[in-house]
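What the coordinates show
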Amino acid sequence: MSILVLGGAGYIGSHTVRALIEAGRDVVVADNLVTGHRAAVHPQARLYEGDLSDRAFLDRLLERESIDGVIHFAAYSLVGESVSNPLKYYRNNLCGTEVLLEALVAHGVERIVFSSTAATYGEPERIPILESDRTQPTNPYGETKLSMEKMIRWAGRAHNLRYVALRYFNACGALPDGSIGEDHQPETHLIPIVLQVALGRRERLDIFGGDYPTPDGTCVRDYIHVCDLADAHIRALTYLEQGGQSDVFNLGNGVGFSNLQVVETARAVTGHPIPSSIEARRPGDPATLVASSDKAARVLGWQPRYTDLGEIIATAYRWHRSHPQGYGDR
């Protein structure tokens, strides 16, 4: 039996595929390669190029492969773009997942691990955030992810589909050997943008917002290494395989770092001054997002291995320094 990874050519997906194969699993990847990269897919994984919303494509794949479980990363994820073009996010994220669920039900697939987000919470009521806290997204990206969670939950009740939704915070870092990493076009994540400045690909860094209610006025985020996220997805899949019931888990380090703290740490790692300036706030960004991952530790046995921000940035720097043009396929 095989594991189907939707979006397995993307950043977190490719690291999860690598970890699955290293764990001895047989892996099938489905990706439309709009934001993913063919070169990021492990050579032992079977890649099917196609779109989540294409029912005929999904049917062909599920008829050809014996799929025992699904890990779903296939979604657009740019907060700013979701605010300016919300219908793109509803069409791809929500409508695409509806087509996927129809196909899974039709082919008798009963387990799915869903890549959700801390953006489902919006402005948190308290820090650290618990899974039981209010969900009130402040942008269409978070709204579509929350709607996807709800749709999976209702489909699960009706069709014996068990799921785990993983709400994680700022994914970062790269495989320590530098062979795969983060390559987005355009890049919107803070750490790779900071490193692009250090490598001379940008003149300076724009920090969006210096007047948030935080110690230094800049946004505070919980940074979680991509390899730790990959490990959590595999643990969630194993949990379902062992009969675990549908549930939602936060994934984070439980420690918040401000944008300015990230920049200072990157300066220390790279030895580059990294010029920066404070610009206007970006629409839809909460001031502080920090997770409580106690539930994931208790139920899934998951603990992040990468807890030092400097070490996390160092793995990302190794990737960007050895791949200055990313995967070079666009």
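1. Things to note about the overall build of the chain
The secondary structure content of the chain amounts to 10 helices and 13 strands. Against the compact-globule benchmark of 20 Å for 330 residues, the chain has a radius of gyration of 19 Å, which places it among compact chains. Its C-alpha atoms give the chain principal-axis dimensions of about 55 × 40 × 40 Å. Relative to all contacts within the chain whose residues are 6 or more apart in sequence, the contacts with residues 24 or more apart total 78%. Carbon together with sulfur atoms contributes 48% to the accessible area of the chain, which is approximately 13500 Å² in total. Within the chain, the 40 negative side-chain charges are centred at a point lying 1 Å from the centre of the 32 positive side-chain charges.

2. Considerations on helix 5 (residues 140–159)
Along its 20 residues, helix 5 runs 28 Å from first to last C-alpha, staying within 8% of the 28 Å computed at 1.5 Å per residue. Buried residues along helix 5 sit against strand 4 (67–72), helix 3 (79–84), helix 4 (86–106), strand 5 (111–117), strand 6 (162–168) and strand 10 (247–251).

3. Quick look at the side chain of Ser14
Within the secondary structure layout, Ser14 lies in helix 1 (residues 11–22). At a separation of 2.8 Å, a polar atom in the side chain of Ser14 contacts the main-chain carbonyl oxygen of Gly10. Beyond its immediate chain neighbours, meaning those up to four positions away, Ser14 contacts Gly8, Ala40 and Ile180.

4. Here's the deal with the packing of aromatic side chains
Counted by the stated rule, this structure contains 3 aromatic pairs. Here the aromatic rings of Tyr239 and Phe249 are separated by 6.1 Å at their centres, their planes lie at 90°, and the arrangement is edge-to-face. Residue Tyr239 is found in helix 7 (residues 226–241), and its partner Phe249 is found in strand 10; the two are separated by 10 residues along the sequence. Phe249 carries the same exposure label as Tyr239, and that label is buried. Between Trp319 and Tyr327 the ring centres are 4.9 Å apart and the planes differ by 50°, which places this aromatic pair in the tilted class.

5. Structural notes on the layout of surface pockets
If you roll a probe as big as a water molecule over the atoms, it shows you where there is empty space left. Taken as a whole, the second largest pocket spans an internal volume of roughly 150 Å³. As for the second largest pocket, its lining consists of His15, Arg18, Ala19, Glu22, Ala23, Leu175, Cys227, Ala230, Asp231, Ile234 and Arg305. Of all the elements in the fold, those that place two or more residues in the lining of the second largest pocket are helix 1 and helix 7. Broken down by class, the residue content of the lining of the second largest pocket amounts to 6 nonpolar, 1 polar and 4 charged.

6. Digging into the pattern of salt bridges
A complete count under the given rule lists 17 salt bridges for this structure. As a salt-bridge pair, Arg46 and Glu65 come within 2.9 Å of each other at their nearest N and O atoms. Here Glu65 lies in the loop between helix 2 (55–64) and strand 4 and Arg46 lies in strand 3 (residues 46–49), a separation of 19 residues in the sequence. For Arg46, a relative accessible area of 30% gives the class partly exposed. A relative accessible area of 11% places Glu65 in the buried class. A cluster of three or more residues bridged by salt bridges with shared partners is formed by Asp26, Arg46 and Glu65.

7. Here we look at the sheet that holds strand 6
Each strand in a sheet pairs with its neighbour through backbone hydrogen bonds, running either in the same direction (parallel) or in the opposite one (antiparallel). With respect to topology, 7 strands assemble into an open sheet ordered 3-2-1-4-5-6-10, the strand pairing being parallel. Taken across any chain shown, the strands that pair with only one partner, and hence form the sheet edges, are strand 3 and strand 10. The sheet shows a mean angle of 20° between the axes of neighbouring strands, taken without regard to direction. With 5 bridges connecting them, strand 6 and strand 10 associate as parallel partners. Looking across to strand 10, one finds that Ala165 is bridged to Val248. Across the sheet, helix 4 lies against strand 1 (2–6), strand 4 and strand 5, angled at about 170° from strand 4, the strand it touches most.

8. Overview of the environment of Ser53
On the secondary structure map, Ser53 appears in the loop between strand 3 and helix 2. Using a relative accessible area of 43% as the deciding quantity, one classes Ser53 as partly exposed. Each C-alpha atom, one on Ser53 and one on Cys95, is 7.0 Å from the other, the two residues being 42 residues apart in sequence. Residues within four places of Ser53 in sequence aside, it is in contact with Gly96 and Val99. Only 2.5 Å separates the side chain of Ser53 from the side chain of Asp51, close enough to count as a polar contact.

9. A short note on the packing of helix 8 (residues 259–270) against helix 10 (residues 309–322)
Following both chains from N to C, one finds helix 8 and helix 10 inclined at 60°, their axes separated by 9 Å at the closest point. Judged by the sense of rotation from one axis to the other, the crossing of helix 8 with helix 10 is right-handed. Residue-level contacts link Gln261, Val262, Thr265, Ala266, Val269 and Thr270 of helix 8 to Leu309, Gly310, Ile313, Ala314 and Tyr317 of helix 10. Classifying every residue of the contact of helix 8 with helix 10 by side-chain character gives 7 nonpolar, 4 polar and no charged.

10. Examining the pairing of strand 6
Counting buried positions along strand 6 gives 7 out of 7 residues, so the element sits mostly inside the fold. By the alternation rule, side chains of strand 6 split into Arg162, Val164, Leu166 and Tyr168 and Tyr163, Ala165 and Arg167, which are all buried. In this sheet, strand 6 lies alongside strand 5 in parallel orientation, the contact comprising 7 bridges. Across the sheet, Ser115 pairs through a bridge with Leu166, a residue of strand 6.

About the thresholds
Residues numbered from 1 in each chain as written. Predicted model: local features only at pLDDT ≥ 70, side-chain atom pairs only at ≥ 80, totals over all residues. Heavy atoms only, no water. Helix = DSSP H or I, 4+ residues; strand = E, 2+ residues; numbered from the N terminus. Rg over C-alpha atoms; globule rule 2.2 N^0.38 Å. Contact = heavy atoms within 4.5 Å. Areas by Shrake-Rupley, 256 points an atom, 1.4 Å probe, with all protein chains shown as cover. Lys, Arg positive; Asp, Glu negative; His and termini not counted. Charge placed at Lys NZ, Arg CZ, Asp CG, Glu CD. Expected span 1.5 Å × (residues − 1). Polar contact = N/O pair within 3.5 Å; in protein donor to acceptor, adjacent residues only side chain to side chain. Phe/Tyr/Trp six-rings, centres within 6.5 Å; stacked < 30°, edge-to-face > 60°. Buried < 20%, exposed > 50% of the residue type's maximum accessible area, 1.4 Å probe, protein only. 1 Å grid on protein atoms, 1.4 Å probe; cavity = no way out; pocket = protein on both sides within 12 Å on 5 of 7 lines; lining within 4 Å. Points joined across faces, edges and corners; volume = space filled by probe spheres on them. Nonpolar A, V, L, I, M, F, W, Y, C, P; charged D, E, K, R; others polar. Salt bridge = Lys/Arg side-chain N within 4 Å of Asp/Glu carboxyl O. Pairing = 2+ DSSP bridges. Axes fitted to C-alpha atoms, helices over the stretch in contact; angles between N-to-C directions. Left-handed = near helix turned anticlockwise from the far one by under 90°.

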